[in-house]
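# A structural walkthrough
Listed here are the chains, written in short residue letters.
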Amino acid sequence: MSFPLSFCSLALLAADRQTASRLISLHSPDIAIIAVYFAMVLGIGVYLRRYTKRGEDFFLAGREMTAWVAGLSFVSANLGALELMGWAAATYQYGILAAHWYWIGAIPAMLFLGIIMMPFYYISKTHSVPGFLRLRYGESARALAATMFTFMTLFMAGIDMYAMALVLKVVLGWDINFSIWVSSITVAVYVALGGLFAAIFNEVLQFFLIWLGALLIPILGLMETGGWSGLVARIHQNFPQGDYTHLWRTMGSFAGNPMGIHWTGIVFGLGFVISFGYWTTDFLVVQRILAAKDIRAAKLAPILGSYFKMAVPFIVILPGLLGLAVLPFKLVPASAVGPGQHSYNEVLPLMLARYCGPGLLGLGITALIAGFMSGMAGNVSAFSTVWTYDLYRSFFKKNAADDHYVKMGRWCTILGVLISIGTAYLVMQFASIMDYVQALFSFFIAPLFGTVVLGMLWKRASPAGGFWGLLCGTVSSIGMWALVRANPHMLAYIALSSNAKPMAENMYRALWSWIVCVTVTVVVSLLTSPKPVEELTGLVYGCTELPSEGHLPLWKRPIFWAAVSLVIFLLLQWIFW
Amino acid sequence: MSESHGMVPVWFFVGVILLIYGVVILATGLYEFSHPPATVLAYLHPAIWWGALLTVVGGVYVYVYLPRKS
């Protein structure tokens, strides 16, 4: 999810300025492993070029992905290197509370996407989320969503690129320019050649590399500590004052936990608005599901993805906890790193270096590089689709041949990467830009969820209601953010407590902006004319005949696997309560 | 996913890269018998069994998803 990057990449900036020496030295087997990865992703792009002749192939991978491929790609597009390092760092800082972002902050939303929303996305045959808004609300809502999305996607790709180059500099001592240009050109080449096909293939590849590259850390770590109980005992011994191993027990008050957040913020802000906004309306991830071969695969893909997402804490949260248990020194905030010290952000590379020798180290570093490149490929492939279909075709060239749009997609992939590189260098000069752009991205996601979900579930929602709700929700979110920057005391009103910390501010700001969006949409819709019911077929619950799954045995139905996933999710909450 | 086009399945590519990585890591693990790395739990020889695992998984994927003329 994009929101952890704010603290991670900013902190990495600080780390870069203060960490003089590299953490890890690579050997020839490690270099060989990294080189094979680059050769493989480029080879896949070249190979898939021949299969991307039509727009449907280039932008939606021919709509022929199985549930497994679409599901792995869906999870993988979100499993970036900064995500892994950022949440391992957050775990060292906050303990197992960080797992909320993988469980309540993902699983209910993924199941909701699969069971409730995916049928409408899929049946409408839209190419994108802004495309769905056009069908449901009209051009103005689509133009607003598409414009915001394209700008934010490119900026985010640039920020990710710069942050990753910093990671490689801090961890490996690599030159920033070298990292930016080599990885960006590689992504530009394989996505421009193979389109979404190449992006999805590489995301599936990345999924395996990340798991196999990172899995050794928790396995060897648990061997060293003597299992989970040994791990907990060592953490209590090293940090007797804090509770690092309970998910909910400390969330009864803002002051009772290091995140400074109340359980209502986690449940309603993170678990409902932010999570649902990200997983159900961010086109970067939804695009992977739209590539599914049929409606059953489209419903199953996010449900299968939920199982893998639930397991990710094993390779992200556990290394952070192991850092608390076994590292012979204490990590510090990036802003306080002195000579010979390490920041929270370095916990994952430190654990990698602790257990992995040559070869295994190369695999772990390749997993990080793959995560970065895959995330960037996701951004540029989503950008090229939204730009080509929702802006260029709508406002510049309406009736060109399919081949023309494919060419446009290829060129704007390259252009998108170049703009992202420019953004990376801009961020290098003006680091505060990162704060603003990432905040802008979060401004938009929560209201967009309100607009999309009302559009799918309420046939009375009118085109004017959709547009004004989205606009007012976004503007209100920006207003709250600016208000707190201008007067920090306002945080106590927005986040409902003077003890609230920035993490809590994000949760509550998202919740309020969603409420504003929904309220404005409802009021304006009731005052304006709705779309005729016949125009809502395939778009809205109650106006659409959904395909029956009655002929399938229970174990083949998406609802069955969603129910099993939900039960496992609830069990995890109970076990780590 | 790809049968209708004759496209090589993504699982084949996964198998190839895991097989290559498995062989490289296994070879490194064998070399480490005489030159052990300065890592915690190095005496467990993780590179040997992890390299072997990757080689087997990669080999199975390559064999099962190998593009065949028929």
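Keep in mind that this is a model prediction, so the values were computed, not measured. Position labels on residues start from 1 in each chain and follow its written sequence. Numbering of ligands from 1 and lettering of chains from A proceed in the order in which they are written. Whole-chain, interface and lining totals are the exception, using all residues; otherwise, since this is a predicted model, local features are given only for residues with pLDDT of at least 70 and side-chain atom pairs are given and counted only at 80 or more.

## Re the overall build of chain A
Of regular secondary structure, chain A possesses 23 helices and 0 strands. Dimensions of chain A, computed from C-alpha atoms along their principal axes, come out at roughly 65 × 55 × 55 Å. For chain A, the residues scored as buried account for 60% of the 577 residues in total. Within chain A, residue pairs in contact and separated by at least 24 positions form 85% of the contacts whose partners lie at least 6 positions apart. By the criteria applied, helices consist of DSSP H or I runs no shorter than four residues and strands consist of E runs no shorter than two, each listed in order from the N terminus. Note on burial: count the other C-beta atoms lying within 10 Å of the residue's C-beta; 20 or more is buried, 12 or fewer is exposed, in between is partly exposed, and C-beta positions come from the backbone. Note on contacts: residues are paired as contacts if their backbone-placed C-beta atoms lie within 7 Å.

## Overview of the environment of S513(A)
If you trace the backbone, S513(A) turns up in helix α22 (residues 502-527). Among all residues touching S513(A), those that are not within four sequence positions of it are A446(A), P447(A), G473(A), S476(A) and S477(A).

## Side note on the packing of helix α13 (residues 283-290) of chain A against helix α17 (residues 360-396) of chain A
Residue and element names in this part refer to chain A. Where α13 contacts α17, the two axes come as close as 9 Å, and the packing angle between them is 80 degrees. Accordingly, the angle class assigned to the pair α13 and α17 is roughly perpendicular. Together, F283, L284 and Q287 of α13 and G378, N379, A382, T385 and V386 of α17 make up the contact between the two elements. Gly is placed with the polar residues, together with every amino acid not listed as nonpolar (Ala, Val, Leu, Ile, Met, Phe, Trp, Tyr, Cys and Pro) or charged (Asp, Glu, Lys and Arg). For the contact of α13 with α17, the per-class residue count stands at 4 nonpolar, 4 polar and no charged. Axis lines are fitted to C-alpha atoms, over the contacting stretch for helices. Their N-to-C directions set the angle, which ranges from 0 to 180 degrees. Note on terminology: angles under 35 degrees are roughly parallel, angles over 145 are roughly antiparallel, angles of 65 to 115 are roughly perpendicular, and the others are oblique.

## Side note on unusual backbone geometry
Located in the positive-phi region is K125(A), a residue other than glycine, with phi close to 60 degrees. Mapping K125(A) onto the fold places it in the loop between α6 (107-123) and α7 (129-137). We classify K125(A) as partly exposed; it has 13 C-beta atoms within 10 Å. We note that H45(B) has phi near 50 degrees; this positive angle belongs to a residue other than glycine. Secondary-structure assignment places H45(B) in the loop between α1 (10-31) and α2 (46-65).

## A look at helix α4 (residues 67-76) of chain A
Burial of α4(A) is extensive: 9 of the 10 residues sit out of reach of the surface. Considered for burial, the residues of α4(A) that qualify are A67(A), V69(A), A70(A), G71(A), L72(A), S73(A), F74(A), V75(A) and S76(A). Of the surrounding secondary structure, the elements contacted by the buried residues of α4(A) are α9 (176-214), α13, α14 (295-311) and α17 of chain A together with α1 of chain B.

## Describing the confidence of the model for chain A
Taken residue by residue, chain A gives an average pLDDT of 85. The fraction at 70 or more is 94%. pLDDT expresses how confident the predictor is about each individual residue, on a scale running from 0 to 100. The model gives residues 2-20 of chain A a pLDDT under 50, and that stretch makes 51 contacts with residues more than four places away or in other chains.

## As for the interface of chain B and chain A
By a widespread convention, an interface's size corresponds to the accessible area lost as its parts come together. The interface is formed by 23 residues belonging to chain B together with 28 residues belonging to chain A. Elements with a contribution of two residues or more to the side of chain B that touches chain A: α1 and α2 of chain B. With 10 residues, the single largest contributor to the side of chain B that touches chain A is α1(B). For the side of chain B that touches chain A, the per-class residue count stands at 19 nonpolar, 3 polar and 1 charged.

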